[in-house]
Amino acid sequence: MTMLEPTLKPYSREWLLSDRPTSRRQAQLGRAYIIWRRFSENRLALLGLLIILSLIAVAALADIISPHNPVIGDLRNARLLPPGSEGYLLGTDDQGRDILSRLIHGSRLTLMVVVLVAVIAAPVGLLVGTVAGYAGGWVDAVLMRITDIFLAFPKLVLALALVAALGPGIENAILAIAVTSWPPYARIARAETLTFRHSEFISAVRLMGASPFRIVLRHVMPLCTSSLIVRVTLDMAGIILTAAGLGFLGLGAQPPLPEWGAMIASGRRFILDQWWVAAMPGFAILIVSLGFNLLGDGLRDALDPKEAGQ
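Residues numbered from 1 in each chain as written. Predicted model: local features only at pLDDT ≥ 70, side-chain atom pairs only at ≥ 80, totals over all residues. Heavy atoms only, no water.

### Quick notes on the overall build of the chain
For step 1, the next point in the chain: Helices and strands together make up the secondary structure of the chain, namely twelve helices and zero strands.
For step 2, the next point in the chain: Along the chain, helices and strands appear, N-terminal first, in the series α-α-α-α-α-α-α-α-α-α-α-α.
For step 3, the next point in the chain: Considering only C-alpha atoms, the chain reaches an extent of 75 × 55 × 25 Å along its principal axes.
For step 4, the next point in the chain: Counting across all 310 residues of the chain, residues that qualify as buried make up 45%.
For step 5, the next point in the chain: Partitioning the intrachain contacts of the chain with sequence separation of at least 6 by distance along the chain shows that 67% fall at a separation of at least 24.
For step 6, the next point in the chain: Separation between the mean location of the 27 positive side-chain charges and that of the 22 negative ones in the chain comes to 7 Å. (Helix = DSSP H or I, 4+ residues; strand = E, 2+ residues; numbered from the N terminus. Buried < 20%, exposed > 50% of the residue type's maximum accessible area, 1.4 Å probe, protein only. Contact = heavy atoms within 4.5 Å. Lys, Arg positive; Asp, Glu negative; His and termini not counted. Charge placed at Lys NZ, Arg CZ, Asp CG, Glu CD.)

So this is what it looks like as structure tokens:
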């Protein structure tokens, strides 16, 4: 410890960047600060973060900022109005419902889908991959062959089969997407685990008497988290598109829920004359998917261990 360290002000830049942290908290905060500094240098990543934060804010304040009822329309006076007509900023659909209000409330469904799929699929993939990579032998072979079976099917086709068996609905769609999303996470976690399964610190923990379960849970899984977070973020766009595809086919959220894919399906009949009915939810899917992709690219660069010394 140098004589300068006691004079460092807590939570200052010098304190966060100290090469000799005096506590685990200081080390964790310092690493988080370095990651944020690298992330904030990427303007496109900040744009993606802004889009996702805007999505969260819109979903949270949907009841307040929504100008009209998203379910009840005015068939007599407001059917298929173009954008900007009579107070309808993005126009209305064939039921006289405000498209902007439906998009705002539909953001809740989109956010619910991506969060629940990530909460279900990521831990399953992480557990399967780390156990397979650490245990090896027949355990690895069995778990990876199961993973290969799921990877052999196209993601959307398998999701369609599961939803068709379970029945249409947003809950079954989320479950089907989660079931088809975990195998890539298991592959990533297994590859990460194999790189440090025989490392010195794992051997030291084993010699101290830690059980295999504790080693996997407390030491292996945290090391795989960074790569998994990046992959989950990049997969959010695909999850949104899969959910929209199920909704478009009538197997996702059911009417009158304002799900973006279902809104595109209901507007495809008017695509030539009333283009806004299908185009507006399509633009919403495009913008949110772009936001997740930009955010994922930024996180990948910020969490890259090769950049740690820069």
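### Some words on unusual backbone geometry
For step 1, the next point in the chain: Note that the residue after Pro255, namely Pro256, is joined by a cis bond; omega there is 5°.
For step 2, the next point in the chain: Mapped onto the secondary structure, Pro256 falls in the loop between helix 10 (212-248) and helix 11 (260-267).
For step 3, the next point in the chain: Not every positive phi belongs to a glycine, and Leu80 is a case in point at roughly 55°.
For step 4, the next point in the chain: Of note, the phi angle at Glu86 is positive, near 55°, even though the residue is not glycine.

### So, the UniProt feature "domain: Oligopeptide transport permease C-like N-terminal" (unreviewed entry) in the chain
For step 1, the next point in the chain: The UniProt record marks residues 35-83 with the feature "domain: Oligopeptide transport permease C-like N-terminal" (unreviewed entry), using the residue numbering of this structure.
For step 2, the next point in the chain: For the annotated span residues 35-83, helix accounts for 57% and strand for 0% of the residues, and the straight-line distance between the end C-alpha atoms is 42 Å. (UniProt positions renumbered as here; feature names shortened; annotations may be inferred.)

### Quick look at the UniProt feature "transmembrane region" (unreviewed entry) in the chain
For step 1, the next point in the chain: Within the UniProt annotation, "transmembrane region" (unreviewed entry) is assigned to residues 44-65, 109-135, 156-181, 229-254 and 274-296.
For step 2, the next point in the chain: The span residues 156-181 shows a helical share of 88% and a strand share of 0%, and its end C-alpha atoms are spaced 10 Å apart.

### What to know about the pattern of salt bridges
For step 1, the next point in the chain: Under the defined criterion, the tally for this structure stands at nine salt bridges.
For step 2, the next point in the chain: Between Arg97 and Asp93 there is a salt bridge; the shortest N-O distance is 3.0 Å. One exposure class covers both Arg97 and Asp93, and it is buried.
For step 3, the next point in the chain: Arg300 is the salt-bridge partner of Asp297, the closest N and O atoms lying 3.2 Å from each other. Residue Asp297 and its partner Arg300 are located together in helix 12 (residues 276-302), separated by three residues, close to a single helical turn.
For step 4, the next point in the chain: For Asp297, a relative accessible area of 29% gives the class partly exposed.
For step 5, the next point in the chain: When salt bridges with common partners are traced through the structure, they connect Asp93, Arg97 and Arg102 into a single cluster. (Salt bridge = Lys/Arg side-chain N within 4 Å of Asp/Glu carboxyl O.)

### Some words on a nonpolar patch on the surface
For step 1, the next point in the chain: A cluster of nonpolar side chains, Met112, Val115, Leu116, Val119, Ile120 and Val124, forms an exposed patch at the surface whose accessible area comes to about 450 Å².
For step 2, the next point in the chain: Position of Val119 among the secondary structure elements: in helix 5 (residues 99-135). (Patch = residues over 30% accessible without salt bridge, like charges linked within 9 Å, V, L, I, M, F, W, Y side chains within 5 Å. Areas by Shrake-Rupley, 256 points an atom, 1.4 Å probe, with all protein chains shown as cover.)

### Description of the packing of helix 5 against helix 10
For step 1, the next point in the chain: Where helix 5 contacts helix 10, the two axes come as close as 7 Å, and the packing angle between them is 140°. Judged on the interaxial angle alone, helix 10 and helix 5 are oblique. In the crossing of helix 5 with helix 10, the sense of the turn from one axis to the other is right-handed. Between helix 5 and helix 10, the contacting residues are Thr110, Val113, Val114, Val117, Ala118, Ala122, Leu126, Leu127, Thr130, Val131 and Tyr134 on the first element and Pro212, Ile215, Val216, Val220, Met221, Cys224, Leu228, Val232, Met236, Ile239, Ile240 and Ala243 on the second.
For step 2, the next point in the chain: Of the residues in the contact of helix 5 with helix 10, the class split is 21 nonpolar, two polar and no charged. (Axes fitted to C-alpha atoms, helices over the stretch in contact; angles between N-to-C directions. Parallel < 35°, antiparallel > 145°, perpendicular 65-115°, else oblique. Left-handed = near helix turned anticlockwise from the far one by under 90°. Nonpolar A, V, L, I, M, F, W, Y, C, P; charged D, E, K, R; others polar.)

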